[in-house]
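Listed below are the residues making up each chain.
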Amino acid sequence: MPSTLAVAATTIAVIYSFLRAIISLRHDSREPKTIVGAVPYLSPLFGMVIGQDKFYKRLRDETRLPIYTLNIPGVPVYIVNSLEVLQRVDRHIDTLPFAPMKAQTCKKVCSVSQAGISKIYGNNLLAQDGYLYSHQRASAQAGAPGASLNALSRSASKVFAAAFDRVEARGRTAVDLYQFIHDATFDATTDAMYGSHNPFRTEESLKYWAVFEAGLPMLFLGFLPNILARSACKARERLVAAFVDYFGNDKHLDGGSLFVQLTTKVNDGTGLSLEDKARIEVGQVAAATFNTAPGAYWCVWAVLSNPTVFNECRKEVMRLVNEVDGVNTIDLAYVRTECPLLVSTLQEVMRFYGTAASLRLIYEDTMLGDEYLLKKGGAVLMPNSLFHSDETLWGPSAGEFDHTRFLKAGPRKSSTKHPAAAFRAFGGGHVLCPGRHLASTEMLALMALILVRVDVVPPGGEWPPAKIGQAAGRAFPLPKKPVLVDFVPRAAGKWRVLFSDENDSGVSLVAEDMHGTKN
């Protein structure tokens with residue numbers, strides 16, 4: 001009789017052969033080549049969930065394929081390695097849309113009612129005059145360079161300035177660097193959006209937000225959220241109640257930003273209930289704040305931990321400080337245009353540390369040129385790290401951090417040219433983050449104030465190596481462990497922190513902004 005081991009080995013071999021056969025039978029010869037892995041379906045799934053960017057980079061380097069197929073349980077996923085293929089994907093607005101992902105967010109993250117979801121979908125989810133595209137246009141209009149962006153940035157700058165005023169009043173202060181940056185950017189963004197009636201000015205709302213934010217990755221996943229993300233679901237309901245009060249009592253009409261006014265108009269025009277409006281707003285807060293804190297953290301880290309970067313950036317920002325009769329004045333609006341090295345450092349942080357990925361659901365069978373068939377029901381995944389680390393795009397120094405890489409003029413302008421479209425930190429094509437100018441301005445303003453207002457003393461006097469943790473669904477990874485530093489106030493005297501309307505520039509980092517094809 002055969003041994004138990006032999007039976008087990010035979011069973012495994014049969015199952016393996018069966019799964020390989022299924023993949024082969026379902027694969028169309030016009031589809032991108034399939035990468036199976038050691039265990040069909042499971043190996044790709046584990047690689048995507050656990051390995052993430054490292055997994056995609058390894059497969060890119062091993063296969064050198066422009067695009068390939070990973071079969072995971074339930075759906076084929078096409079992974080794009082090539083910028084040229086990515087740009088083809090971007091052109092298929094109707095068959096490879098982003099809108100379904102936003103609709104799923106309304107359902108999974110915000111828990112919008114079924115009636116609300118039906119109104120969001122309307123007769124055609126992809127209609128240009130439908131809810132999702134109208135909401136996107138309203139958000140983009142409010143976040144575009146000009147008076148509205150300046151008003152948002154001015155409000156955010158006041159919050160940053162107040163945080164450093166408190167540090168100065170206390171003197172040398174020990175802080176958790178990430179927590180300080182997280183709290184400052186969250187308070188600044190929500191105050192800028194919601195004005196004097198900002199629901200997050202209470203400790204209770206901040207407490208519930210912390211719980212909700214921690215559960216966001218599980219809510220995005222949408223698997224048994226009431227069990228696996230129970231605390232986050234409960235916290236969300238408390239936040240919804242706060243926004244029901246905000247909108248129900250018309251508090252948004254008393255100091256709420258143009259962003260809130262325009263998106264509320266879209267919500268009202270769609271006929272959403274007050275509660276569903278509040279639920280969508282909770283999701284909007286997540287969209288506006290989820291990535292800014294880790295992005296700002298790595299910007300601050302990159303500047304402070306490297307003596308060369310630190311000295312050059314501080315010198316550049318200090319030129320914006322005017323001291324008259326003991327009062328130091330800085331207009332943060334000019335950081336965007338008068339501090340090219342700081343802007344280049346920001347962009348290099350996004351390239352070097354960024355972990356975002358663009359995802360599209362395939363609505364109809366789609367041919368990319370005459371080469372690749374993408375089947376209806378599948379998904380296209382385009383991890384930014386693949387393009388941001390590609391030596392054919394960025395040259396042999398792609399794996400190095402170079403804070404001068406994005407300088408556009410002057411003697412230190414990079415000699416290595418790269419395609420503008422290779423930078424994907426805020427998306428690309430018809431899908432761009434509408435808050436990109438505000439997020440970039442906030443990060444620059446916060447870095448500038450840290451440089452001019454405090455000396456930052458790391459533990460033991462020396463910066464430890466960067467400890468990079470998991471991205472947890474964010475566009476940037478979180479720090480692996482807390483870093484405690486001392487903030488030591490620098491200049492004696494009072495500070496005036498301004499954000500004037502004389503300079504209404506945005507922060508043009510993506511190709512679409514540089515070439516005037518923004519959305």
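Use the structure listed above.
All figures in this text were calculated on a predicted structure; none of them were measured in a lab. (Residues numbered from 1 in each chain as written. Predicted model: local features only at pLDDT ≥ 70, side-chain atom pairs only at ≥ 80, totals over all residues. Heavy atoms only, no water.)

**Some thoughts on the pattern of salt bridges**
Pairs can form between side chains of opposite charge whenever their charged atoms are close.
Then, number 1: Applying the stated criterion to the full structure yields 22 salt bridges.
Then, number 2: With its nearest N and O atoms 3.4 Å apart, the salt bridge here joins D455 to R490. In this pair, D455 sits in strand β12 (residues 454-457) while R490 sits in the loop between β13 (484-489) and β14 (494-498), placing the two residues 35 residues apart along the sequence.
Then, number 3: Judged by its relative accessible area of 29%, D455 falls in the partly exposed class.
Then, number 4: Salt bridges linked by common partners bring R236, E237, E275 and R279 together as one network. (Salt bridge = Lys/Arg side-chain N within 4 Å of Asp/Glu carboxyl O. Helix = DSSP H or I, 4+ residues; strand = E, 2+ residues; numbered from the N terminus. Buried < 20%, exposed > 50% of the residue type's maximum accessible area, 1.4 Å probe, protein only.)

**A few points about the pairing of β12**
Then, number 1: In β12, alternate side chains face the same way, and those of V454 and V456 are buried while those of D455 and V457 on the opposite face are not.
Then, number 2: By the bridge criterion, 4 bridges tie β12 to β13 in an arrangement that is antiparallel. By the bridge assignment for β13, V457 is matched with D486. (Pairing = 2+ DSSP bridges.)

**Examining the side chain of R453**
Then, number 1: Assignment of secondary structure puts R453 in helix α21 (residues 436-453).
Then, number 2: Note on R453: relative accessible area 4%, which makes it buried.

**Describing the environment of A421**
Then, number 1: Summarising the element assignment, A421 is placed in the loop between α20 (391-394) and β10 (427-428).
Then, number 2: For A421 and A511, which are 90 residues apart along the polypeptide, the C-alpha to C-alpha distance reads 5.3 Å.
Then, number 3: Leave out the neighbours within four places in its chain, and A421 touches L83, Q87 and A511. (Contact = heavy atoms within 4.5 Å.)

**Section: the sheet that holds strand β6 (residues 357-361)**
Then, number 1: Overall, mixed pairing links the 4 strands, which are arranged β1-β2-β9-β6 in an open sheet. Of all the strands in the sheet, just β1 (67-72) and β6 have a single pairing partner and so form its edges. Shown here is a sheet whose adjacent strand axes are inclined to one another by a mean of 25°, direction ignored.
Then, number 2: Looking at chain direction, β6 and strand β9 (residues 379-383) are connected through 5 bridges and run antiparallel. The residue bridging S358 from the neighbouring strand is M382, located in β9.
Then, number 3: Along the sheet, helix α3 (residues 53-63) makes contact with β1, β2 (75-80) and β9, crossing β1 at roughly 130°. (Axes fitted to C-alpha atoms, helices over the stretch in contact; angles between N-to-C directions.)

**A short note on a positive patch on the surface**
Then, number 1: Together, K54, K467, K480 and K481 make up a positively charged patch on the protein surface.
Then, number 2: On the secondary structure map, K480 appears in the loop between β12 and β13. (Patch = residues over 30% accessible without salt bridge, like charges linked within 9 Å, V, L, I, M, F, W, Y side chains within 5 Å. Areas by Shrake-Rupley, 256 points an atom, 1.4 Å probe, with all protein chains shown as cover. Lys, Arg positive; Asp, Glu negative; His and termini not counted. Charge placed at Lys NZ, Arg CZ, Asp CG, Glu CD.)

**Brief notes about the side chain of S385**
Then, number 1: Among the structural elements, S385 can be located in helix α19 (residues 384-388).
Then, number 2: Contact partners of S385, with chain neighbours within four places excluded, come to D53, K57, R60, G354 and A356.

**Observations regarding the nonpolar core**
Across soluble globular proteins, nonpolar side chains have a tendency to be buried as a group.
Then, number 1: Among the nonpolar cores identified, the biggest contains 92 residues, and V80, I330, L332, L342, V380 and F487 are the most heavily contacted of them.
Then, number 2: Here this core gets 11 residues from one element, more than from any other, and that element is α21.
Then, number 3: Counting residues in each nonpolar core, the second largest holds 44 residues, with A99, A138, F186 and M193 among its members. (Core = buried A, V, L, I, M, F, W, Y, C linked by side-chain atoms within 4.5 Å.)

**Brief notes about the pairing of β1**
Then, number 1: For β1, the buried fraction is high: 6 of the 6 residues fall into the buried class.
Then, number 2: Every second residue of β1 is oriented toward a common face, with I67, T69 and N71 on one face and Y68, L70 and I72 on the other, all of them buried.
Then, number 3: Note: β1 against β2, 6 bridges, orientation antiparallel. Across the sheet, I67 pairs through a bridge with V80, a residue of β2.
Then, number 4: Where β1 hands over to β2, the hairpin turn is made up of 2 residues, of which G74 adopts a positive phi near 100°.

**A look at the packing of helix α2 (residues 42-51) against α3**
For any two helices packed against each other, one specifies the crossing angle of their axes together with the interaxial distance.
Then, number 1: Following both chains from N to C, one finds α2 and α3 inclined at 125°, their axes separated by 6 Å at the closest point. When the interaxial angle is binned, α2 and α3 end up oblique. Each of P44, G47, M48 and G51 in α2 lies in contact with α3, whose residues at this interface are D53, K54, F55 and Y56.
Then, number 2: For the contact of α2 with α3, a count of residues per class yields 4 nonpolar, 2 polar and 2 charged. (Parallel < 35°, antiparallel > 145°, perpendicular 65-115°, else oblique. Nonpolar A, V, L, I, M, F, W, Y, C, P; charged D, E, K, R; others polar.)

**Here's the deal with helix α12 (residues 230-248)**
Then, number 1: For α12, spanning 19 residues, the distance from its first C-alpha to its last is 27 Å, which sits close to the expected 27 Å at 1.5 Å a residue.
Then, number 2: Buried within α12 are the following residues: A232, C233, A235, R236, L239, V240, A242, F243, Y246 and F247.
Then, number 3: Those residues of α12 hidden inside the fold are in contact with α5 (99-108), α9 (177-194), α10 (203-221), α11 (225-228), α13 (258-270) and α14 (274-289).
Then, number 4: Two residues or fewer past α12, D250 is found with a positive phi of approximately 55°. (Expected span 1.5 Å × (residues − 1).)

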